[in-house]
Amino acid sequence: MNSSDGHPVPPTGTEPAPGPADPSAIVPIDDAVVQVRHLSLYYGDSRALSDITMDFPRNQVTALIGPSGCGKSTFLRCFNRMNDLIDGVRTTGEILLDGQDITDPAIDVIQLRRRVGMVFQRPTPFPKSIYENVAYGLRIAGIRDRATLDAAVERSLRRAALWDEVCQRLHGSALELSGGQHQRVCIARAIAVDPEIILMDEPCSALDPRSTTRIEDLLGELRGDYTIIMVTHNMQQAARVSDYTAFLYEGVLIEFGATKQIFTRPRRSETEDYITGRFG
Ligand SMILES: Nc1ncnc2c1ncn2[C@@H]1O[C@H](COP(=O)(O)OP(=O)(O)OP(=O)(O)O)[C@@H](O)[C@H]1O
Ligand SMILES: [Mg+2]
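Fair warning: this is a prediction, and the values are worked out from it, not measured in the lab.

Draft legend 1. Examining the site of ligand 1 more closely. In the vicinity of ligand 1, the contacting residues are Tyr43, Ala48, Gly66, Ser68, Gly69, Cys70, Gly71, Lys72, Ser73, Thr74 and Ile86. Here the shell around ligand 1 gets three residues from one element, more than from any other, and that element is helix 1 (residues 72-78). Partitioned by chemical class, the residues of the shell around ligand 1 number four nonpolar, six polar and one charged.

Laid out in structure tokens, this is it:
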């Protein structure tokens, strides 16, 4: 069902959500890898994302911030169709990845997930060797040649700033590494299949400060080669590592712009209240 202006009408029984953001608080992006257009998402009758329209800049780090329950993880999961795994989820609107609508049910989700990798809050190494953890996606893609695998594993571990620590024990269990090393194994695993986009949902929240610094440094090195979309609760982290920041509140995109602008001259009072710790 569509309204007179062509936008989908939410199902009856849905709580009214705050209106979409003031368009002047959403900056346009010149080279967008992802274009989100009027995206809404419903868990059953309950709307978790409301009419989000924004672009994600290619090969930059974008932070998603906002209070608990505002829809950050839900939004992130839209980019690799992880919400498909949850019963009763429905979306309206479009997410264009290089012009192709990835919300289309006909899309090849396996292929999509090779283009859009994910790193979770809790590191999730498999109970396998470090080498096999990193080679996992390549093996699934049918690559068997040892030299190709060896080269990809080394390259990915170097990019994840882990090679020097593990090169003598590649065939030892990944589970025996520290939490910070686990997260870098997971980042190496994501990088190994050469994705265009890497999604990260609070990648440092289970890590100690030293490991967090290493991951933040790593993000700085990956920027420029990958588009990174990262959820964080840590305002200092968002300010340190991201190029752009999107502020969500109750499923609505309130403001999106260059991180520097968002943190120094927010256009919306809600953004200012959140980043200065007045709520959330
Ligand atoms: N599987 C689900 N089924 C039904 N509702 C859900 C589900 N997952 C999330 N929600 C609801 O959607 C809303 C957004 O949740 P989401 O997990 O995306 O928020 P978040 O911003 O990531 O929060 P946090 O910062 O606490 O991780 C919340 O109201 C939540 O209760
Ligand atoms: Mg979350």
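Draft legend 2. Main features of the sheet that holds strand 5 (residues 100-101). On the basis of which strands lie adjacent, the open sheet formed by four strands has the order 2-1-4-5 and antiparallel pairing. Among the strands making up the open sheet, the edge pair consists of strand 2 (46-57) and strand 5.

Draft legend 3. Quick look at the sheet that holds strand 7 (residues 197-201). The sheet built from six strands is open, its strands ordered 6-7-8-3-9-10 with mixed pairing. Bordering the open sheet on either side are strand 6 (116-119) and strand 10 (252-258), each of which pairs with just one other strand. Direction aside, neighbouring strands of the sheet carry axes that sit 20° apart on average. Looking at chain direction, strand 3 (residues 61-65) and strand 9 (residues 244-249) are connected through four bridges and run parallel. Each residue of the ladder has a partner; that of Ile65, found in strand 9, is Phe247. Relative to strand 6, helix 6 (residues 179-192) is tilted by about 175°, and along the sheet it contacts strand 6 and strand 7.

Draft legend 4. Molecular detail of the pairing of strand 8 (residues 227-231). Within strand 8, five of the five residues are buried, which leaves the element mostly enclosed by the surrounding structure. Residue alternation in strand 8 divides its side chains into two sets, Thr227, Ile229 and Val231 and Ile228 and Met230, and both sets are buried. In terms of strand pairing, strand 3 meets strand 8 through four bridges, oriented parallel. The residue of strand 8 that forms the bridge with Val61 is Ile228. Where strand 7 meets strand 8, five bridges bridge the pair, whose relative direction is parallel. Across the sheet, residue Met200 finds its bridge partner in strand 8, namely Met230.

Draft legend 5. Structural context of the nonpolar core. Ranked by size, the top nonpolar core spans 70 residues in total, and within it Leu64, Phe79, Ala188, Leu199, Ile229, Leu248 and Leu253 carry the most contacts. Looking at this core element by element, the count peaks at seven residues for helix 6. With sequence-adjacent residues up to four places away left out, Leu199 is seen in contact with Leu76, Phe79, Asn80, Val116, Gly117, Met118 and Ile229.

Draft legend 6. Representation of the packing of helix 3 (residues 130-140) against helix 4 (residues 146-159) within the structure. Running from N to C, helix 3 and helix 4 cross one another at 110°; their axes reach a closest spacing of 9 Å. Between helix 3 and helix 4, the angle is such that the two are roughly perpendicular. For the pair helix 3 and helix 4, the crossing hand works out as right-handed. Across the interface between the two elements, Tyr131, Val134, Ala135 and Leu138 of helix 3 pack against Leu149, Ala152, Val153, Ser156 and Leu157 of helix 4. Per-class residue counts for the contact of helix 3 with helix 4 are eight nonpolar, one polar and no charged.

Draft legend 7. Structural view of the packing of helix 3 against helix 6. At a minimum axis separation of 7 Å, helix 3 and helix 6 run at an interaxial angle of 30°. As judged from the angle between their axes, helix 3 and helix 6 are roughly parallel. Where helix 3 crosses over helix 6, the two elements pack in a sense that is right-handed. Where helix 3 abuts helix 6, its residues Ile130, Asn133, Val134, Ala135, Tyr136, Gly137 and Leu138 lie against Val185, Ala188, Arg189 and Ala192.

Draft legend 8. Seen up close, the pairing of strand 4 (residues 89-97). Here strand 1 (residues 32-43) runs beside strand 4; their pairing, made up of eight bridges, is antiparallel. By the bridge assignment, Tyr43 is partnered in strand 4 with Val89. Bridge count for strand 4 against strand 5 is two bridges, and the pairing is antiparallel. If you follow Leu96 over to strand 5, its bridge partner there is Asp101. From the end of strand 4 to the start of strand 5, which pair antiparallel, there are two residues, and Asp98 there has a positive phi angle of about 45°.

Draft legend 9. Region of the structure containing the confidence of the model for the protein chain. In the predicted model, the protein chain carries a mean pLDDT of 91, and the fraction of residues at 70 or more is 92%. Per-residue pLDDT stays below 50 along residues 1-17; that stretch engages in 24 contacts with residues further than four places along the chain or on separate chains.

Draft legend 10. Just helix 3, in detail. When helix 3 is considered as a whole, its buried residues turn out to be Ile130, Asn133, Val134, Ala135, Gly137 and Leu138. In this structure, the buried side of helix 3 is in contact with helix 4, helix 5 (163-166) and helix 6. Two residues or fewer past helix 3, Gly142 is found with a positive phi of approximately 95°.

Reading guide: rules and limits
- Residues numbered from 1 in each chain as written.
- Chains lettered and ligands numbered in written order.
- Predicted model: local features only at pLDDT ≥ 70, side-chain atom pairs only at ≥ 80, totals over all residues.
- Near = placed C-beta within 6 Å.
- Helix = DSSP H or I, 4+ residues; strand = E, 2+ residues; numbered from the N terminus.
- Nonpolar A, V, L, I, M, F, W, Y, C, P; charged D, E, K, R; others polar.
- Pairing = 2+ DSSP bridges.
- Axes fitted to C-alpha atoms, helices over the stretch in contact; angles between N-to-C directions.
- Contact = placed C-beta atoms within 7 Å.
- Buried ≥ 20, exposed ≤ 12 C-beta atoms within 10 Å, placed from the backbone.
- Core = buried A, V, L, I, M, F, W, Y, C linked by C-beta atoms within 7 Å.
- Parallel < 35°, antiparallel > 145°, perpendicular 65-115°, else oblique.
- Left-handed = near helix turned anticlockwise from the far one by under 90°.
- pLDDT = per-residue confidence, 0-100.

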